[in-house]
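Breakdown of the fold
If you want the building blocks of each chain, they are given just below.
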Amino acid sequence: MTTGRIHSYETLGGLDGPGMRLVVFLQGCPLRCGYCHNPDTWDVHGGTETTADEVMRRIRRSRPYFGKQGGVTFSGGEPLLQAEFVAELAAVCASEGIHTALDTAGLPLSPAVERALSVCQLVILDVKHADPARYRELTGVDGRGMREVLDYTARARKPTWIRQVVVPGWNDRPEDVRALAALLAGHPCCERAELLPYHTMGCGKWQALGCISPFAGTPPMTAEKLGPLQQILDEALCQ
Ligand code: SF4
């Protein structure tokens, strides 16, 4: 029986895809982003080993709340680290008419990754920075996985939402936003591109793990600063 490692579930999330959703947080992430608010999802040996049947039972219990638009979002952690498991769950959901979204920062393509991407109906792609060097500053890798997933969604005509967390002093310049718009040019399947405000809610978790975030002391991003940046992005994408 297929098993995967689950960190937790969040019921009735309204931010991680259309409608009301059950968010399944999968355990394990290789990126170690300095602003991560779920560092407790990083350890690939953490979480709870869970069978696909158990996860499906949990999903079916939430089904009455999904309504017409809602469904399941696979998040993490990095759900594509367990791509086979996600693909299996998403395929069962599809056979039962349950909408699935995959909330990912991307991994380099492999047969399993492509299968998970193909079977989920919506990809929510976290583009941390368009510039490979800046991406590496944050994560230690250059974002090849993100770019390969972005190109895959264009080729496959997969509905895609783009997100980028904006951190004061790190990627809050208009040129950072224009670089994101340039990366997205030629990807007509991107239905949305949203800038999300950096917040400090994960700081306590970093301390609990004995780690210090490189953004410790950075103030939260304000709506007053984020609004004009979102406007620059929207205008650049309309051109
Ligand atoms: S990709 Fe997401 S879960 Fe992984 S370290 Fe970055 S913010 Fe955290």
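This text goes with the structure placed above it.
These numbers were taken from a predicted model, which means no experiment stands behind them. (Residues numbered from 1 in each chain as written. Predicted model: local features only at pLDDT ≥ 70, side-chain atom pairs only at ≥ 80, totals over all residues. Heavy atoms only, no water.)

Some remarks on the overall build of the protein chain
Keep this limit in mind: In this text, helices come from DSSP runs of H or I with a minimum length of four residues, and strands from runs of E with a minimum of two, each type numbered from the N-terminal end. Only C-alpha atoms enter the radius of gyration; for comparison, a globular chain is expected to reach 2.2 Å times N to the power 0.38, where N is the number of residues. Relative accessibility decides the category of a residue: with a 1.4 Å probe and only protein chains considered, values under 20% of the type maximum give buried, values over 50% give exposed, and everything between is partly exposed. In this analysis, two residues are considered to be in contact whenever any of their non-hydrogen atoms come within 4.5 Å of each other. Exposure was quantified through the Shrake-Rupley algorithm and a 1.4 Å probe, taking into account, for residues, occlusion by the shown protein chains and nothing else. When charges are counted, Lys and Arg contribute as positive and Asp and Glu as negative, whereas His and the chain ends are disregarded. All charge positions are set by atom: Lys at NZ, Arg at CZ, Asp at CG, Glu at CD.
Assigned secondary structure in the protein chain consists of eight helices and eight strands. By the compact-globule yardstick of 18 Å for 239 residues, the protein chain fits well, its C-alpha radius of gyration being 17 Å. By principal-axis analysis of the C-alpha atoms, the protein chain measures approximately 45 × 45 × 35 Å. Per-residue burial for the protein chain yields a buried fraction of 51% across its 239 residues. Of all intrachain contacts in the protein chain linking residues separated by at least 6 positions in sequence, the fraction that spans at least 24 positions is 73%. Summing over all exposed atoms, the protein chain offers an accessible surface of approximately 11000 Å²; the carbon and sulfur share of this is 54%. Positive and negative charge centroids in the protein chain, built from 24 and 27 side chains respectively, lie 3 Å apart.

Focus on the pattern of salt bridges
This is how the line gets drawn: Throughout this description, the term salt bridge denotes a Lys or Arg side-chain nitrogen within 4 Å of a carboxyl oxygen of Asp or Glu.
Tallied over the entire structure, the rule returns eleven salt bridges. Ionic pairing is found between glutamate 175 and arginine 173, a salt bridge with its closest N-O pair at 3.7 Å. Measuring nitrogen to oxygen at the nearest pair gives 3.6 Å for the salt bridge that ties glutamate 194 to arginine 192.

A short note on the packing of aromatic side chains
To keep it simple, the criterion reads: Pairing of aromatic rings covers Phe, Tyr and Trp, the last through its six-membered ring, and needs centres within 6.5 Å; plane angles under 30 degrees mean stacked, over 60 mean edge-to-face, and all others mean tilted. Think of it as a cone above the ring: NZ of Lys or CZ of Arg counts as a charge over the ring if it is within 6 Å of the ring centre and within 35 degrees of the ring normal.
According to the stated counting rule, one finds four aromatic pairs in the structure shown. Plain terms: the ring middles of tryptophan 42 and tryptophan 206 are 5.3 Å apart, the flat faces sit at 90° to each other, and that makes the pair edge-to-face. Separated by 164 residues along the polypeptide, tryptophan 42 in the loop between β2 (21–26) and β3 (48–51) and tryptophan 206 in helix α7 (residues 203–208) bring together distant segments of the chain. Relative accessible area serves as the criterion here: at 11%, tryptophan 42 is assigned to the buried category. Under the relative-accessibility criterion, tryptophan 206 is labelled buried at 8%. Here the aromatic cluster, defined as three or more aromatic residues joined through ring pairs, consists of Tyr35, Trp170, Tyr198 and Phe215. Between the NZ or CZ atom of arginine 58 and the centre of the ring of tyrosine 9, over which it lies, the distance is 4.8 Å.

With respect to the pairing of strand β5 (residues 99–104)
Selection criterion: We call a crossover right-handed when, viewed with both strands directed away from the observer, the connection leading from the first strand over the helix to the second proceeds clockwise.
Summarising burial for β5: six of the six residues are buried, a large majority. The β-α-β motif built from strand β4 (residues 71–76), the intervening helix α2 (residues 83–95) and the parallel element β5 has right-handed crossover chirality. Where the polypeptide runs from β5 across helix α3 (residues 111–119) and back to strand β6 (residues 122–126), its parallel neighbour, the crossover connection is right-handed.

Describing the site of the ligand
Rule in force here: By convention in this text, a residue qualifies as near a molecule or strand provided that one of its non-hydrogen atoms is within 4 Å of it. Ten residues, namely Ala, Val, Leu, Ile, Met, Phe, Trp, Tyr, Cys and Pro, are considered nonpolar, four, namely Asp, Glu, Lys and Arg, are considered charged, and the remaining ones, Gly among them, are considered polar.
Taken together, Cys29, Leu31, Arg32, Cys33, Cys36, Trp42, Gly77 and Lys128 make up the full set of residues near the ligand. The residue inventory of the shell around the ligand, partitioned by class, reads five nonpolar, one polar and two charged.

Considering the pairing of strand β7 (residues 160–166)
Quick reminder of the rule: Here, strands pair whenever DSSP counts at least two bridges between them.
Of all seven residues making up β7, seven are buried, and the element is well covered by its neighbours. Residues of β7 alternate between two faces, with Thr160, Ile162, Gln164 and Val166 on one and Trp161, Arg163 and Val165 on the opposite face, all of them buried. Here four bridges tie β6 to β7, and the two strands are oriented parallel to one another. Its bridge partner lying in β7, leucine 125 is registered against isoleucine 162. Strand direction decides the pairing type here: β7 and strand β8 (residues 190–197), joined by seven bridges, are parallel. From the neighbouring strand, valine 165 faces β8, where its bridge partner is leucine 196. Between β7 and its parallel partner β8, the chain crosses via helix α6 (residues 174–184), and the hand of that crossover is right-handed.

Thoughts on the nonpolar core
Note on soluble globular proteins: their nonpolar side chains tend to be buried together. Selection rule: Here, nonpolar core refers to any group of buried Ala, Val, Leu, Ile, Met, Phe, Trp, Tyr and Cys residues whose side-chain atoms link them within 4.5 Å.
Residues Ile59, Phe74 and Ile162 are the most contacted members of the largest nonpolar core, which totals 65 residues. Excluding anything up to four places from it in sequence, isoleucine 162 contacts Leu125, Val127, Leu150, Leu180, Leu184, Cys190, Arg192, Ala193 and Glu194.

Comments concerning the sheet that holds β8
Rules: Helix axes use the C-alpha atoms of the stretch in contact, all axes being lines fitted to C-alpha atoms, and the angles between their N-to-C directions lie in the range 0 to 180 degrees.
With mixed pairing, the eight strands of this open sheet are ordered in space as β3-β1-β2-β4-β5-β6-β7-β8. Looking at the sheet topology across the chains shown, the edges are occupied by β3 and β8. Averaged over all pairs of adjacent strands, the angle between strand axes in this sheet comes to 30°, irrespective of strand direction. Bridging between β4 and β5 involves four bridges; their strand directions are parallel. Opposite valine 72, over in β5, you have threonine 100 as the bridge partner.

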